[in-house]
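Examining the three-dimensional arrangement
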Amino acid sequence: MIKFLTKNPFWIVQIIGWFVSGFFVASVNKAGANVQALFFLFGSIFIVGIFTTSLLRAYFKKFVSMDKVGFKQIALILLGTFLATICWFLLNYCFGYLVGFLMDSVELKLKKTLLKAPNIGFLIFVLNWFLIIIWTVLYYGIKMLMDYNRSRIDRLRLRDKIKQEQLNILKGHINPEFMFTSLNNIKGLMLEDVSDSRNKLTQLAELLRYSLTKNNINTVLLEEEIVYVHNFIELVFIENKTASTIECHLEEATKKLEIPPMLLLNMIELATKHGVLLHTIKGEIFIHSERRENQLFLTVTHSGASSPKSQRKVLEKSIQQRLKLLYKEEAHFSRTFKEGNTILELVLPIIEEKNTEV
């Protein structure tokens, strides 16, 4: 019953509204009437009111469409309220007549005074019509409010769905060129070291699996992402293991913090493919994480300047768009060049909740 009323606010308004109306009429006429008379008067107002306005609601649903308000709709609404008033008036009269017939003791102040006034029936009819019109205004007001709230929720759901689709598009995936190059390098490595080539093939498979399985997850632990960062770096430098030195320093307090998957990998791709691999001299890459109050700072520093190519700009723009969708203005990504080194910095708000799938 409670669940039904929760999902049907119309009946809640009906019951409360007609209960108050019946109680008010009974209170006004309590002088000169016994308890039984007041009870039947209250019952007539309550039951007939709910029945009449329920019929009016069914009439509105069938004949009146508010998608486009015009003269026809207004005329149909007025006609419906007029017919409902007649129905309400006649049912109350019949109900009162039946009660009076069954109970000779029913004597109300209303019967003794108001009914003696001229044109009292017409005045009561007009008053009832006015009340029915007020009910209609409230009905459509509540209905419009509910429709607006429902459409707002639908819009929010649609916006979240679009946002998630955009995130899925922007999420970093293994670059096909990187896959092709890694497979060729592993093929060449097989002629030199079969055991190492198997390890590299396993790392490539794990990296591909990570890229695919994390597509429907918005956050992963930093310590989980860093494992695949190391795999990525080893695959990048298969041909020349001494082409660059890698240092990684993660604060212990940051390892259990959550970051978007593949985001740190994107930064490493910027530091390798669009950074140290472009230079003939030996490069250096330094990865650092630090927590400052409610923010996580991830820094990837590599020697030399970044590539001026458009692919690097596209990847950086993708990172920035993804951060904006996830954190709005609370996170940012930047690239600066200082003292011969390029500094890629990522600032994220702290999220210490468990991973949730979308």
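Use the structure listed above.
What comes next concerns the included structure. (Residues numbered from 1 in each chain as written. Predicted model: local features only at pLDDT ≥ 70, side-chain atom pairs only at ≥ 80, totals over all residues. Heavy atoms only, no water.)

**Quick look at the packing of aromatic side chains**
Note the threshold: Between rings of Phe, Tyr and Trp, where Trp is taken as its six-membered ring, a pair exists when centres lie within 6.5 Å; planes separated by under 30 degrees are stacked, by over 60 edge-to-face, and by other angles tilted. A run of DSSP states H or I qualifies as a helix once it reaches four residues; a run of E qualifies as a strand once it reaches two. Both are numbered from the N-terminal end. A 1.4 Å probe rolled over the protein chains alone gives each residue an accessible area, and that area as a share of the maximum for its type sets the label: buried under 20%, exposed over 50%, partly exposed in between.
According to the stated counting rule, one finds 5 aromatic pairs in the structure shown. Ring geometry for Phe19 and Phe46: centres 6.5 Å apart, planes at 90°, overall edge-to-face. One end of the pair, Phe19, is in helix α2 (residues 9–28); the other, Phe46, is in helix α3 (residues 35–63), with 27 residues separating them in the sequence. Relative accessible area serves as the criterion here: at 45%, Phe19 is assigned to the partly exposed category. Summarising the aromatic geometry, the rings of Tyr59 and Phe63 are spaced 5.2 Å apart at their centres and angled 40° between planes, so their arrangement reads as tilted. In this pair, Tyr59 and Phe63 are both assigned in helix α3, 4 residues apart and thus about one turn of the helix distant.

**Here we look at helix α8 (residues 194–213)**
Convention followed: One less than the number of residues in a helix, times 1.5 Å, gives the span that helix is expected to have. Of all possible arcs, the one meant is that of the directions from the helix axis to the C-beta atoms. Residue contacts are counted whenever heavy atoms from the two residues lie within 4.5 Å of one another. Polar contacts here mean pairs of N or O atoms no more than 3.5 Å apart (in protein, one a potential hydrogen donor and the other a potential acceptor; neighbouring residues in sequence count only if both atoms are side-chain atoms).
Over its 20 residues, α8 extends 28 Å from the first C-alpha to the last, a length consistent with the 28 Å expected when each residue adds 1.5 Å. Of the residues making up α8, those classed as buried are Asp196, Ser197, Lys200, Gln203, Leu204, Leu207, Tyr210 and Ser211. Angularly, the buried residues of α8 cover 145° about the axis, an arc narrow enough to put them on a single face. For α8, the exposed residues set more than 90 degrees away from the buried face come down to Arg198 and Leu212. Where α8 is buried, its residues contact α7 (176–190), β1 (220–221), α9 (222–236) and α10 (263–272). Regarding α8, its N-cap is Asp193, as a side-chain oxygen of that residue lies 3.2 Å from the backbone nitrogen of Ser195 further along.

**Here we look at the pairing of strand β5 (residues 295–303)**
Our working definition: Only strands that DSSP links by at least two bridges are regarded as paired with each other.
For β5, a buried count of 8 out of 9 residues is recorded, marking the element as mostly surrounded by other parts of the structure. Adjacent in sequence and paired antiparallel, strand β4 (residues 283–292) and β5 are bridged by 2 residues, among which Glu293 carries a positive phi angle near 55°. As defined by bridge partners, β5 adjoins strand β7 (residues 341–349) across 9 bridges and the pair is classed as antiparallel. In the strand pairing of β7, Val300 is matched with Leu344.

**Notes on helix α11 (residues 310–327)**
Taking 1.5 Å as the rise per residue, α11 with 18 residues should run 26 Å; its terminal C-alpha atoms sit 26 Å apart, in good agreement. Lys328 sits one or two positions beyond α11 and adopts a positive phi of about 55°.

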